[in-house]
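# Structure at a glance
So the chains spell out like this:
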Amino acid sequence: MSDYCSNHCTYCGFNRTRPFSRRQLSPAEIEREASVIAASGIRHILVLTGEAPEKTPMSYLRDAIAVLKQYFASIALEIFPMDEKDYRTLQQAGADSLTVYQEVYNREVYREVHLAGKKRDYEYRLLTPERGAEAGFRAINIGTLFGLGETRSEAFFAAMHARYLQHAFPRVEISLSLPRITGEGGKPENILPDRQLVQTMLAWRLFLPRLGITVSTREAPAFRDKLLHLGATRFSAGSRTDVGGYSEPGSSTVQFEITDNRSVAEVVEMIRQNGYQPVFKDWEPLQ
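I will try to describe carefully the structure that is included in this document. (Residues numbered from 1 in each chain as written. Predicted model: local features only at pLDDT ≥ 70, side-chain atom pairs only at ≥ 80, totals over all residues. Heavy atoms only, no water.)

Okay, the pattern of salt bridges next. Counted according to the given criterion, the structure contains 17 salt bridges. Two residues, aspartate 96 and arginine 138, come together in a salt bridge whose shortest N-O distance is 3.5 Å. In this pair, aspartate 96 sits in the loop between helix H3 (84-93) and strand E4 (97-99) while arginine 138 sits in the loop between helix H6 (128-135) and strand E6 (139-143), placing the two residues 42 residues apart along the sequence. Summarising the burial analysis for this pair, aspartate 96 and arginine 138 share the class buried. Salt-bridge contacts for aspartate 194 lead to arginine 180; the nearest nitrogen and oxygen are separated by 2.8 Å. With aspartate 194 in helix H8 (residues 194-207) and arginine 180 in the loop between strand E7 (173-177) and H8, the pair connects residues that are 14 residues apart, well separated along the chain. Residue class for aspartate 194 comes out partly exposed when judged on its relative accessible area of 39%. For arginine 180, a relative accessible area of 14% puts it in the buried group. One network of salt bridges, with partners in common, ties together Arg23, Glu29, Arg32 and Glu248. (Salt bridge = Lys/Arg side-chain N within 4 Å of Asp/Glu carboxyl O. Helix = DSSP H or I, 4+ residues; strand = E, 2+ residues; numbered from the N terminus. Buried < 20%, exposed > 50% of the residue type's maximum accessible area, 1.4 Å probe, protein only.)

Right, here's the structure in full:
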């Protein structure tokens, strides 16, 4: 919804030092985007903003959720970290899930890649998933950005973080993602090859049988198709990383490059051809 950001993260295409024309969607533009996405069949949406609270305050976020509730059964947020009371406000407004990546668990690397902005506060970000769970979100998605820290230790600490959250909040669905730096993120210092990514995903699946595992459109189509059989539970589809990119493709700067450019219909057909059932909304409220 917005690419304004107050942080300087060396790996991000939206960091505050990058000279490009920034954009923020109006409520009417948000509805136009929602209409296009909903027409593809998607019912679970992930909503993103840059980390600039002064540009996307609580009033803006509440209004956006009110619009999106008309089109989607499940609204997940990937926005700047908040206090518990603020998350509770958004949960009561209609958002039900939260995504927040630690980006890198190694504290030294974390300092090196987060040069300015509130995101430099390692502890505040680390405790964000707990605040979201306490606020009532039914699902929390976390992860590390592979390419920043040493890959095996990052995979280990991400798994331990997820395990802690599962034990502390047994009624919350905890998921891990496996994003790798691509495109605008530059050349990674610690490359995670395909073979090790698969090993990591399988280790997570064995270690945490209840874990949700998300595979994004950062990955190539042929590779994503093979992961379908190995324990992944959610695939993004038809994704855009530019503000307004669904109704006006190419109108804004992208945050990072998408590798799997297939439409939602094409991903759905791939899932069916592999003997699985595509489900657009896969939860029921706990009683």
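It is worth spelling out the sheet that holds E7 at this point. The strand order across the open sheet built from 7 strands is E2-E3-E4-E6-E7-E8-E9, with neighbouring strands paired in parallel fashion. Among the strands making up the open sheet, the edge pair consists of strand E2 (44-48) and strand E9 (234-235). Where strand E3 (residues 74-78) meets E4, 2 bridges bridge the pair, whose relative direction is parallel. Paired with alanine 76 across the two strands is serine 97, which belongs to E4. (Pairing = 2+ DSSP bridges.)

With that settled, consider the nonpolar core. Among the nonpolar cores identified, the biggest contains 79 residues, and Phe72, Ile75, Leu77 and Trp204 are the most heavily contacted of them. Among the elements that take part in this core, helix H2 (residues 58-68) stands out by supplying 7 residues, more than any other. Apart from residues no more than four positions distant in its own chain, leucine 77 is found in contact with Leu46, Val47, Ile65, Leu90, Ala95, Ser97, Leu98, Thr99 and Phe137. (Core = buried A, V, L, I, M, F, W, Y, C linked by side-chain atoms within 4.5 Å. Contact = heavy atoms within 4.5 Å.)

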